[in-house]
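Here are the chains, one letter per residue:
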Amino acid sequence: MLIISRHDEERLGLPQVLDACRCYSPQGRRLKAKRAFYAPSDRSALAREFDAIELLIVFLNEHPTDVRRAAVTLGRFRDLVGTLSGLEKRRPLEVTELFEIKQALQLFRELSAMEPLLHAASVEVTAMPEAEALLDPSDRKTSGFYLYDEYSPRLAELRRRRFSVERQMESGDSSQRESLLAERASLVAEEEREEAVVRARLTDALAAYLDALKTNFSAVGVLDFRLARAALADEWGAGKPSLLGEGDSATLENMSHPVIKEDLRKRDATFVRQSVSLPPGTTVLSGPNMGGKSVALKSMTLALVLIQLGYYPSATASATPLYDFISYSSDHLDTTKRGLSTFGNEIVRIRDDASRARKERGLVVMDEPCRGTNPEEATALVGALARFYGKQQGSFVISTHYRVPAGDGIAHVRIRGIQSEALDVIASEGIPESDRDAIRRIEALMDYRIERVEGDASVPTDAIRIAELLGLDGDILAFIDDM
Amino acid sequence: MKCAPRHSPDFLVDALGLDSLRSLAIIGTGKNAGKTTVLNHLLSAVRQMKRKRVVAVTSIGLDGEDEDIVTGGAKPRIYLTEGALLATACGSLDKCDAVIEILVLTGIHTATGEIAIGRMRTNGYVELAGPSIARDVATCERYCREIEEDCLFIVDGALSRKSPAGGGLTESVILVAGAANAPSLEELAIETARQVLFLTLPSVEEKENKIFSEVMEKFPGHRAIFLSQCDTTGKTIRARSLPLASVIGEGKTIADEFRKDDTALLLRGAITDNVLEYLLSDSAFVDMTLVAEDGTRFFLSDKAVRQLRQRSVELAVLSDLSLPLICVNPMRRDGTTVEREDILEAIISVVDVPVCELGPSFV
């Protein structure tokens, strides 16, 4: 289960990443939109997904033309939920619905011939020649559909008679016109009644194939969704995640955040990939201002969320146990509608996460909890949380500026940041031309790598230096010195 | 001679160049002008041509229904023969009494259902309920050409503020002037002359057309585009544009953006008296070109046209239309008819385009 508010999902970049996973068929899109969460009990199902995606990545690199062809076929599928429901209820299908089924049957046949692709995707799509024959009684091999004369000798006869009347109308004198029109109208009415009989008969005959149709449509969705995830993983250069047992540490190597990476690329900056290990218990992430703590937290959370949604994460290698739930919270401002203050909401969230973590193995991620609280009490609260989760079976990851003492089950990691000598170098380069220039200078010297810290991590103290570099008023800086 | 004999399929074939014409829209001076009757005559003419051609028909919105759902009067039905293609909504298919083979479901959805492309497997009456926007009509034509590359694509179009059916969409346009659309023949003649003026407007110069097209491509949501010359030689043209959901109701916004050195203004949408009200109250709005996407986008009164003329504001279009024929229909709204000769004379006296009266279509 994911416990992430809509706003936090957006901050995490989850909707954008899922949008980038492009399915071609309505069946694939529906499967994707379900957002199935693979809990620890679904481990073998998830392993099957990853095995198929692994084979598909190889396949799409070796046979790009076949994949493009499959994408075209998948893109021609239509959403037949209403039609299949009609078939299930034995509602006589409309001609357009029969056409839709005929088209789908042809597409199943096309896909069933793509054996290597289906094999790689571990999906079975079967041709249904008997059902196809029902909708193509004279083996015309055309893609269109109408109620053919072959379905009913009576229908054929009525149509012949109508045609004959129309011929007379075209060539005969106008005095007979009214009677011919009346005769034609009567034949048309009879034809409609016979067509209804034919449609009912065809519906009954097709109902025998309902289960096979459903199985095929479901397989199309699986194929499409797996192919889309494989393409995304290939684009990211992602490695296949290993699924570990309970109690193991989650590790992510060379992870990136696809959305932030793309934003950086647009302004000619590079995303520095990071590696991190999250053992059970508490992991405290510290680092300087502008050091990218929030980005690191987002990257690791997004990666682990994606794994449990059946996607490869944007990391060259990853290994993780499966969590019962993943909770991520970064801002509580948007939850004030419940009548609680920002702090009240935050505490409610902390309370609920803690209660859940006592019963289940979760991954709880908080970006700078208690940031709006007085530092003394906030330090106590954050320290207590670290100790509480240090004893739980799941993992608790926080970024914070508050000091968290070392203790059992509490690991400290930090973003390396900028060496103070480097800050002196920036200062010596003179006044930046613009805020953008100043930010660029700081970013250029920032070491974004995450390193493990043994024992108690010292709290970074470069906030005032960075404020100075960004041109904070000199009087304010002087007052800071006085204090 | 402008007035051609009645019931002459050859006349239609020659006047419209049906042998080689790729697409055609039929637009009327109003509701019940007689477009369907003209369409049936056209279909009959194509059937009798020496060179066999497949027709593909669609409509802008609903047409061909037994009864006019607006006025309640009986309407002529559309009769298609075996082999013809049609693009109509699924909801209309069961109101067609022909056998229709479904070839494509287009994914274009309308109030009457998804638009299907079908082929007539028998002759029969059909109800057309085509797409309501120009882009979707173009998609339907593309589907039809995938099936029959050389088909004659006919759009039974409406002339209304919402539904474009003209320049850029089809090669030619037929205007149907119906006695039902005006209280008197004199007024019908005035209305027809005004429509002809708009439908035969020239296109703007190539250089300006190119700039407008570039701005439209870059800013698809910008519906007012102003051109001005930024030097005295007039060689350098600068474009400005306004993001607007519609030009209707935005007359003041457009007028506020107007500058006295503007030389051309393109309004993408229906250009009405109300839209121009604020511009016309600005004395600097003179000596320029007012441009619409095509001639069917102008809905201006005679008074507004006169005012524009007095200020040397020329009207022009991005896509010019070919108007090879005007058909008149003597049927009044109450079912009675005016004299065939009278309506022909009334219209012929005010336009310089061939005019004909085809009579009822017995289908």
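Residues numbered from 1 in each chain as written. Chains lettered and ligands numbered in written order. Predicted model: local features only at pLDDT ≥ 70, side-chain atom pairs only at ≥ 80, totals over all residues. Heavy atoms only, no water.

Observations concerning the overall build of chain B
Counting its secondary structure elements, chain B contains ten helices and 20 strands. For chain B, with 363 residues in total, the buried portion stands at 58%. In chain B, 73% of the contacts between residues at least 6 apart in sequence involve partners at least 24 apart. Carbon and sulfur atoms form 49% of the exposed surface of chain B, whose accessible area is close to 15,400 Å². (Helix = DSSP H or I, 4+ residues; strand = E, 2+ residues; numbered from the N terminus. Buried < 20%, exposed > 50% of the residue type's maximum accessible area, 1.4 Å probe, protein only. Contact = heavy atoms within 4.5 Å. Areas by Shrake-Rupley, 256 points an atom, 1.4 Å probe, with all protein chains shown as cover.)

Let's talk about the overall build of chain A
Helix and strand content of chain A: 20 helices and eleven strands. Computed over C-alpha atoms, the radius of gyration of chain A comes to 32 Å, more than 25% over the 23 Å expected from 2.2 N^0.38 for 483 residues, which places it beyond the range of a compact globule. Along the longest, intermediate and shortest principal axes, the C-alpha atoms of chain A span 110 × 50 × 50 Å. Burial analysis of chain A (483 residues in total) assigns 49% to the buried set. At a minimum sequence separation of 6, the contacts of chain A that also span at least 24 residues come to 78%. In the structure as shown, chain A presents an accessible area of about 22,900 Å², 51% of it carried by carbon and sulfur atoms. Charged side chains of chain A number 63 positive and 75 negative; the gap between the two group centres comes to 4 Å. (Rg over C-alpha atoms; globule rule 2.2 N^0.38 Å. Lys, Arg positive; Asp, Glu negative; His and termini not counted. Charge placed at Lys NZ, Arg CZ, Asp CG, Glu CD.)

Considerations on the sheet that holds strand S13 (residues 237-243) of chain B
All names here are of chain B. Strand order across the open sheet formed by five strands is S13-S12-S14-S16-S18, with mixed pairing between neighbours. Looking at strand neighbours, the two that pair on one side only are S13 and strand S18 (313-317), the edges of this open sheet. Neighbour-to-neighbour, the strand axes of this sheet turn through a mean angle of 20 degrees, independent of strand direction. (Pairing = 2+ DSSP bridges. Axes fitted to C-alpha atoms, helices over the stretch in contact; angles between N-to-C directions.)

What about the confidence of the model for chain A?
In low-pLDDT regions, the fine details of the predicted coordinates are not to be read closely. Mean pLDDT over chain A: 88, with 94% of residues reaching 70 or higher. The spread of mean pLDDT over the elements of chain A runs between helix H17 (residues 420-428) of chain A, the lowest at 68, and helix H12 (residues 210-236) of chain A, the highest at 97. (pLDDT = per-residue confidence, 0-100.)

Observations regarding the interface of chain B and chain A
For interface size, the figure often reported is the accessible area lost on association. In this complex, chain B contributes 20 residues to the contact, which on the side of chain A involves 21 residues. In total, chain B and chain A occlude about 1,600 Å² of area from one another, counting both sides; carbon and sulfur atoms represent 53% of this. Looking at the side of chain B facing chain A, the largest losses of area belong to Val99(B), Ile102(B) and Leu105(B), adding up to 30% of the total buried there. Where chain B meets chain A, there are two salt bridges. The shortest N-O distance in the salt bridge between Arg184(A) and Asp97(B) comes to 2.8 Å. The tally of links from chain B across to chain A stands at six residue pairs in polar contact (both at pLDDT 80 or more). Looking at the side of chain B that touches chain A, the elements that each hand over two or more residues are helix H3 (90-93), strand S6 (100-110) and strand S8 (124-126) of chain B. Residue contributions to the side of chain B that touches chain A peak at six residues, all from S6(B). Residue composition of the side of chain B that touches chain A, by class: 13 nonpolar, three polar and four charged. (Buried area = accessible area lost by both parts, 1.4 Å probe. Salt bridge = Lys/Arg side-chain N within 4 Å of Asp/Glu carboxyl O. Polar contact = N/O pair within 3.5 Å; in protein donor to acceptor, adjacent residues only side chain to side chain. Nonpolar A, V, L, I, M, F, W, Y, C, P; charged D, E, K, R; others polar.)

Points about the sheet that holds strand S1 (residues 23-28) of chain B
The strands making up a sheet are joined through hydrogen bonds of the backbone, oriented either antiparallel or parallel. All names here are of chain B. Here we have nine strands laid out as an open sheet, ordered S6-S7-S5-S2-S10-S1-S11-S19-S20, and mixed in their pairing. A strand with exactly one partner marks an edge of an open sheet, and here the two such strands are S6 and strand S20 (355-356). Here seven bridges tie S6 to strand S7 (residues 113-120), and the two strands are oriented antiparallel to one another. Residue pairing across strands places Val 104 opposite Ile 117, the latter belonging to S7. Of the strands in this sheet, strand S11 (172-178), strand S19 (322-329) and S20 touch helix H10 (residues 340-348), which is tilted by about 150 degrees from S19.

Focus: helix H15 (residues 342-359) of chain A
Residues and elements named next belong to chain A. With 18 residues, H15 should cover 26 Å at 1.5 Å per step; its first-to-last C-alpha distance of 27 Å lies within 8% of that length. Every buried residue belonging to H15 is among Gly 344, Asn 345, Glu 346, Val 348, Arg 349, Ile 350, Asp 353, Ala 354 and Ala 357, and all of these are buried. Tucked into the core, H15 has its buried residues touching strand S1 (2-3), strand S7 (325-329), strand S8 (362-367) and helix H16 (375-390). (Expected span 1.5 Å × (residues − 1).)

Regarding the pattern of salt bridges
Under the criterion given, the structure shown has 47 salt bridges over all chains. Of the charged contacts, one joins Arg265(A) and Glu262(A) as a salt bridge, the two residues approaching to 2.6 Å between their closest N and O atoms. Separated by three residues within a single helix, Arg265(A) and Glu262(A) lie in helix H13 (residues 258-266), roughly one turn from each other. The structure contains a network of salt bridges with shared partners spanning Asp149(A), Arg159(A), Arg162(A), Glu166(A), Arg184(A), Glu191(A), Glu195(A) and Asp97(B).

A closer look at a nonpolar patch on the surface
A contiguous nonpolar patch, built from Met290(A), Ile439(A) and Leu470(A) and spanning about 200 Å² of accessible area, is present on the exposed surface. One can find Leu470(A) in the loop between helix H19 (463-469) and helix H20 (474-482). (Patch = residues over 30% accessible without salt bridge, like charges linked within 9 Å, V, L, I, M, F, W, Y side chains within 5 Å.)

Some points on the packing of helix H4 (residues 43-62) of chain A against H12(A)
Relative orientation and spacing of two packed helices are given, respectively, by the angle between their axes and the distance between those axes. Residues and elements named next belong to chain A. One way to put it is that H4 packs onto H12 with a least axis distance of 8 Å and a crossing angle of 65 degrees. With respect to each other, H4 and H12 are oriented roughly perpendicular. As for how H4 packs across H12, the hand of that crossing is right-handed. Across from Glu 49, Ala 52, Ile 53, Leu 56, Ile 57, Leu 60 and Asn 61 in H4, the residues of H12 making contact are Arg 226, Leu 227, Arg 229, Ala 230, Ala 231, Ala 233 and Asp 234. (Parallel < 35°, antiparallel > 145°, perpendicular 65-115°, else oblique. Left-handed = near helix turned anticlockwise from the far one by under 90°.)

Here we look at the environment of Ala284(B)
Residues and elements named next belong to chain B. Here Ala 284 shows up in the loop between helix H8 (273-280) and strand S16 (288-292). The sequence separation of Ala 284 and Phe 258 amounts to 26 residues, and the corresponding C-alpha distance is 9.0 Å. Contacts of Ala 284, omitting those with residues within four sequence positions, involve Phe 258 and Lys 260.

Describing the confidence of the model for chain B
All names here are of chain B. With 89% of its residues at a pLDDT of at least 70, chain B reaches an overall mean of 86. Considering only residues more than four positions removed or in separate chains, one finds that residues 64-73, a stretch of pLDDT under 50, has 23 contacts. Across the whole predicted complex the pTM is 0.81, and at the interface the ipTM reaches 0.78.

Notes on the packing of aromatic side chains
Residues and elements named next belong to chain A. Taken as a whole and assessed by the stated rule, the structure comprises 14 aromatic pairs over all chains. Summarising the aromatic geometry, the rings of Tyr 389 and Phe 396 are spaced 4.0 Å apart at their centres and angled 15 degrees between planes, so their arrangement reads as stacked. For Phe 396, a relative accessible area of 0% gives the class buried. Among the aromatic residues, those joined into a ring-pair cluster are Phe 145, Tyr 146, Tyr 148 and Tyr 151. Directly above the ring of Phe 325 sits Arg 356, whose terminal nitrogen or CZ lies 5.6 Å from the centroid. (Phe/Tyr/Trp six-rings, centres within 6.5 Å; stacked < 30°, edge-to-face > 60°. Lys NZ or Arg CZ within 6 Å of the ring centre and 35° of its normal.)

Considering the pairing of strand S9 (residues 395-399) of chain A
Residue and element names in this part refer to chain A. In terms of burial, S9 is largely enclosed, as five of its five residues are buried. Residue alternation in S9 divides its side chains into two sets, Ser 395, Val 397 and Ser 399 and Phe 396 and Ile 398, and both sets are buried. When strand S5 (residues 281-286) meets S9, the two strands line up parallel, connected through five bridges. Bridge assignment links Gly 281 to a residue of S9, and that residue is Ser 395. Where S8 lies against S9, five bridges are found, and the strand directions are parallel. Note that in S9 the partner of Met 366 across the bridge is Ile 398. Following the chain from S8 across H16 to the adjacent parallel S9, one finds a crossover that is right-handed. (Right-handed = clockwise from strand over helix to strand, strands pointing away.)

Some remarks on helix H3 (residues 26-34) of chain A
Residues and elements named next belong to chain A. Among all positions in H3, only Pro 26, Gln 27, Gly 28 and Lys 32 are buried. Buried residues along H3 sit against helix H2 (14-20) and H12. Once H3 finishes, Arg 35 follows within two positions and takes phi at roughly 50 degrees, a positive value.

Observations regarding unusual backbone geometry
Even without a glycine there, the phi angle at Arg35(A) is positive, about 50 degrees. Position of Arg35(A) relative to the elements: it lies in the loop between H3 and H4.

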